[in-house]
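Here are the chains, one letter per residue:
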Amino acid sequence: VFFDKIGDAKWKAAFTNFFFLEGEGSAGGGEQAAACLEKVQSGLRSILQNVVLLRESKDSFHPRFGCLETHSFKSLEPWVQRAVSSLHDDYFFRKQDSLWRSNALKTLPNLVAATNMLVCGEDLGLIPECVPSVMSDLGILGLRIQRMPSDSSKEGEFGDLSQYPYHVVASPSCHDVLPIRAWWEEDAERSARLWQRLAGNGGTGAEDEAPPAPTECKPFVVRAILEAHLASDACLMIAPIQDWMALDEKYAARPALEERINDPTNSKHYWCYRCHVALEDLKEDEHFVDSVKALTSLRTG
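Fair warning: this is a prediction, and the values are worked out from it, not measured in the lab. (Residues numbered from 1 in each chain as written. Predicted model: local features only at pLDDT ≥ 70, side-chain atom pairs only at ≥ 80, totals over all residues. Heavy atoms only, no water.)

## Some remarks on the sheet that holds strand β4 (residues 168-171)
No. 1: Strand order in the open sheet formed by three strands is β3-β4-β5, with parallel pairing between adjacent strands. If you trace the sheet from one side to the other, it starts and ends with β3 (142-145) and β5 (236-237), each paired once. (Pairing = 2+ DSSP bridges. Helix = DSSP H or I, 4+ residues; strand = E, 2+ residues; numbered from the N terminus.)

What follows is the structure in structure tokens.
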């Protein structure tokens with residue numbers, strides 16, 4: 001009950017007054033109370049999440065999604081962990097697959113038929129097993145982001161561009177991940193490993209010896225990434241405007257993190273990205289236009 005009420009504004013005020021009575025304490029009492037409140041809420045959430053099975057009725061339970069990462073699960077005996085793990089995977093990834101498929105085949109054909117546009121499905125991350133076959137049957141393109149391989153057990157840390165099928169859209173980034181420049185400079189270790197693939201063999205296959213990865217994402221780095229994507233067999237390569245503008249240093253002068261569109265890990269984040277260059281100015285920039293044309297000619301030439 002306390003956990004349900006603590007999000008209410010009146011309860012927050014009462015909680016604050018309980019620890020920091022008005023007129024007492026330091027000037028930063030309100031901030032300390034807010035920090036304390038957040039700590040309590042976080043602790044209560046951790047307790048609520050530390051559950052392996054959820055009750056459906058008096059005599060039936062089902063595994064909680066993600067329960068394999070809880071302290072409760074890790075404290076179980078090995079044979080019980082194996083049994084719970086098998087139950088968890090069967091419940092979420094096999095038992096409900098037919099339900100996902102039947103609902104998709106009822107809903108998606110109407111959505112596809114409602115437009116003359118080419119339809120692309122965002123099929124990244126954790127998805128039911130039926131998704132690829134259903135999308136293929138309905139002629140819906142998939143999406144491939146190299147930093148988010150569709151099957152890391154086969155592809156490794158990065159998607160293998162040479163193995164992309166035709167019926168997908170290839171992209172170096174999207175609204176839910178950092179643009180090339182921001183990601184490169186924020187995650188130096190991963191970007192260095194990607195550079196080994198790019199410089200060693202054009203972005204595919206085993207990693208050969210390559211020059212050290214540059215710490216800054218200069219235009220030649222972005223060009224190498226875009227070239228590798230354009231060389232894939234995907235029917236379309238679509239990159240965000242931020243990645244195209246990173247081909248020219250004068251358009252990449254702003255802080256890289258300002259080019260983020262969305263942060264899925266932050267529920268309070270709101271989309272505030274704005275292109276800092278007028279499209280009319282980009283169109284009139286012959287050097288930039290020629291750079292883009294030179295890259296895309298690899299696709300059409």
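Okay, back to it.
## Digging into the side chain of R181
No. 1: If you trace the backbone, R181 turns up in helix α9 (residues 180-186).
No. 2: At 3.0 Å, the side chain of R181 and the backbone oxygen of A252 are in polar contact. (Polar contact = N/O pair within 3.5 Å; in protein donor to acceptor, adjacent residues only side chain to side chain.)

## Quick look at the pattern of salt bridges
No. 1: All chains considered together, the criterion is met by 12 salt bridges.
No. 2: With a closest N to O distance of 2.8 Å, D248 and K250 form a salt bridge. (Salt bridge = Lys/Arg side-chain N within 4 Å of Asp/Glu carboxyl O.)

## Brief notes about the pairing of β4
No. 1: Because side chains alternate across β4, one face comprises the buried residues V168 and A170, and the other comprises V169 and S171, equally buried.
No. 2: Judged from the four bridges that link them, β3 and β4 form a sheet pairing that is parallel. Across the sheet, residue I145 finds its bridge partner in β4, namely S171.
No. 3: With two bridges connecting them, β4 and β5 associate as parallel partners. Directly across from V169, in β5, lies its bridge partner L236. (Buried < 20%, exposed > 50% of the residue type's maximum accessible area, 1.4 Å probe, protein only.)

## Thoughts on the side chain of D248
No. 1: Among the secondary structure elements, D248 is positioned in the loop between α12 (241-245) and α13 (279-284).
No. 2: With sequence-adjacent residues up to four places away left out, D248 is seen in contact with P219, D285, H287 and F288. (Contact = heavy atoms within 4.5 Å.)

## Here we look at a nonpolar patch on the surface
No. 1: Taken together, L53, F61 and L87 make up a surface patch of nonpolar side chains, about 260 Å² in accessible area.
No. 2: When you line up the elements, F61 lands in strand β2 (residues 61-63).
No. 3: On the basis of relative accessible area, F61 is assigned to the partly exposed category, the value being 43%. (Patch = residues over 30% accessible without salt bridge, like charges linked within 9 Å, V, L, I, M, F, W, Y side chains within 5 Å. Areas by Shrake-Rupley, 256 points an atom, 1.4 Å probe, with all protein chains shown as cover.)

## Regarding helix α5 (residues 78-93)
No. 1: Across its 16 residues, α5 extends 22 Å between first and last C-alpha, which sits within 8% of the 22 Å expected from 1.5 Å per residue.
No. 2: Listed in full, the buried residues belonging to α5 are V84, H88 and Y91. The buried residues of α5 occupy one face: seen down the axis, they fall within an arc of 75 degrees. Seen from the open side of α5, the exposed residues pointing more than 90 degrees away from its buried face are P78, W79 and R82.
No. 3: Those residues of α5 that are buried lie in contact with β2 and α4 (71-74). (Expected span 1.5 Å × (residues − 1). Arc of directions from axis to C-beta.)

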